[in-house]
Amino acid sequence: MIFNRLCGGGQACLLTIPEYKIGFNGSLVRRRLYDFTTDGALMNTDELWTRELLINSSVVAFSDSEYYYRSNPDSITKKFSPRLFEKSVTEALLVDFAKTYFPENQELVQTLRRKHFSGLQWNIVFYDKEKDKFTDEERRRIESVLAQSYKFLNGFEIMKDSLKWGIAVALLRRFSWYQRLVVSHFNKKNIK
């Protein structure tokens, strides 16, 4: 167990990536560390904040305690909402976080990159099936968020990680919205 001991912020951070092995609920954090956190406008930004707070901590202490969670049925994470698609951008930011703070750990970066890609893939397929349930304004917002998430992808890195993921990219191309996204992204890259 890791209770009743101290460790460095980087070591503690690695206990949260790619999945949490420690809880961060009820944490006591020096206020100045919040100066190092990302803007919290996106859904699930707390996933990134947790890691940013840990990596910028010189020492992290753990205690054995109980945490009680009350499920809120009105929570934004439980509702069918355009905001659900923002998770994909947060996952992309987590990939960049790992590249910045753990560049030598390529296995970790690849795992997070695959998680981001599969989440984006799921979001695109889900959006393609459910887009008629959104208003025109919501569709524009969702497509903007997914395009933002797509910009983080590097096709070469994905193909290098795994041929299976490269094939998944090819299969995604059957969705007309995805094709427009790829074409617009390609055109923007070539204009610059």
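Whatever comes next refers back to the structure up there.
Here the residue numbers are simple positions, counted from 1 along each chain's written sequence. Where totals are concerned, whole chains, interfaces and linings use all residues; where local detail is concerned, this predicted model gives features only for residues with pLDDT of at least 70, and gives and counts side-chain atom pairs only at 80 or more. In computing side-chain values, all of the structure's heavy atoms are included and hydrogens and water are not.

Peer 1: Any chance you could explain the overall build of the protein chain here in plain terms?
Peer 2: Counting from the N terminus, the helices are DSSP H or I runs at least four residues long and the strands are E runs at least two residues long. Within the protein chain, the regular secondary structure consists of 8 helices and 2 strands. The order of helices and strands in the protein chain, counted from the N terminus, is β-α-α-β-α-α-α-α-α-α. Exposure is judged per residue with a 1.4 Å probe applied to protein chains only, and the accessible area is read against the type maximum: over 50% gives exposed, under 20% gives buried, and values in between give partly exposed. For the protein chain, buried positions account for 39% of its 192 residues. Should any heavy atoms of two residues lie within 4.5 Å, those residues are considered in contact. For the protein chain, the share of sequence-separated contacts (at least 6 apart) that also reach a separation of at least 24 residues comes to 74%.

Peer 1: When you look at the packing of helix 4 (residues 106-130) against helix 5 (residues 136-150) in this model, what are you seeing that I'm missing?
Peer 2: In a packed pair of helices, the relevant descriptors are the angle between the two axes and the axis-to-axis distance. Between N-to-C directions, angles span 0 to 180 degrees; the directions come from axes that are lines fitted to C-alpha atoms, helices contributing only their stretch in contact. The interhelical angle for the contact between helix 4 and helix 5, taken along N-to-C directions, is 155°, at an axis separation of 11 Å. Judged by the angle between their axes, helix 4 and helix 5 are roughly antiparallel. Our pair here, helix 4 against helix 5, has a crossing hand that is left-handed. Contacts from His116, Leu120, Asn123, Ile124 and Tyr127 in helix 4 reach Arg139, Ile142, Glu143, Leu146, Ser149 and Tyr150 in helix 5. Throughout this entry, Asp, Glu, Lys and Arg are counted as charged residues, while Ala, Val, Leu, Ile, Met, Phe, Trp, Tyr, Cys and Pro are counted as nonpolar. The remaining residues, Gly among them, count as polar. Considered class by class, the residues forming the contact of helix 4 with helix 5 number 6 nonpolar, 3 polar and 2 charged. Angle categories are assigned with fixed cut-offs, so that under 35 degrees is roughly parallel, over 145 is roughly antiparallel, 65 to 115 is roughly perpendicular, and the rest are oblique. Each crossing is labelled by how the near helix is turned from the far one, with a counterclockwise turn of less than a right angle marking it left-handed and a clockwise turn marking it right-handed.

Peer 1: Mind showing me how you'd approach the side chain of Glu130 here?
Peer 2: On the secondary structure map, Glu130 appears in helix 4. When its relative accessible area of 17% is taken as the criterion, Glu130 is described as buried. Two N or O atoms count as a polar contact when they lie within 3.5 Å, although within protein this holds only if one can serve as hydrogen donor and the other as acceptor, and sequence-adjacent residues are included solely when both atoms are side-chain atoms. A polar atom in the side chain of Glu130 sits 2.6 Å from the side chain of Lys133.

Peer 1: Hey, could you run me through the pattern of salt bridges in this one?
Peer 2: Between side chains of opposite charge, pairing is possible as soon as their charged atoms come close. Here, a salt bridge means any Lys or Arg side-chain nitrogen found within 4 Å of an Asp or Glu carboxyl oxygen. Within the structure shown, the criterion is met by 7 salt bridges. In this structure, the salt-bridge partner of Arg141 is Glu86, at a minimum N-O distance of 3.0 Å. Remark: Glu86 occurs in the loop between strand 2 (60-61) and helix 3 (87-101) and Arg141 occurs in helix 5; sequence separation between them is 55 residues. For the salt bridge of Asp128 with Lys131, the shortest nitrogen-to-oxygen distance reads 3.2 Å. You can call Asp128 partly exposed: its relative accessible area is 22%. Counted as one network, the salt bridges with shared partners bring together Arg83, Glu86 and Arg141.

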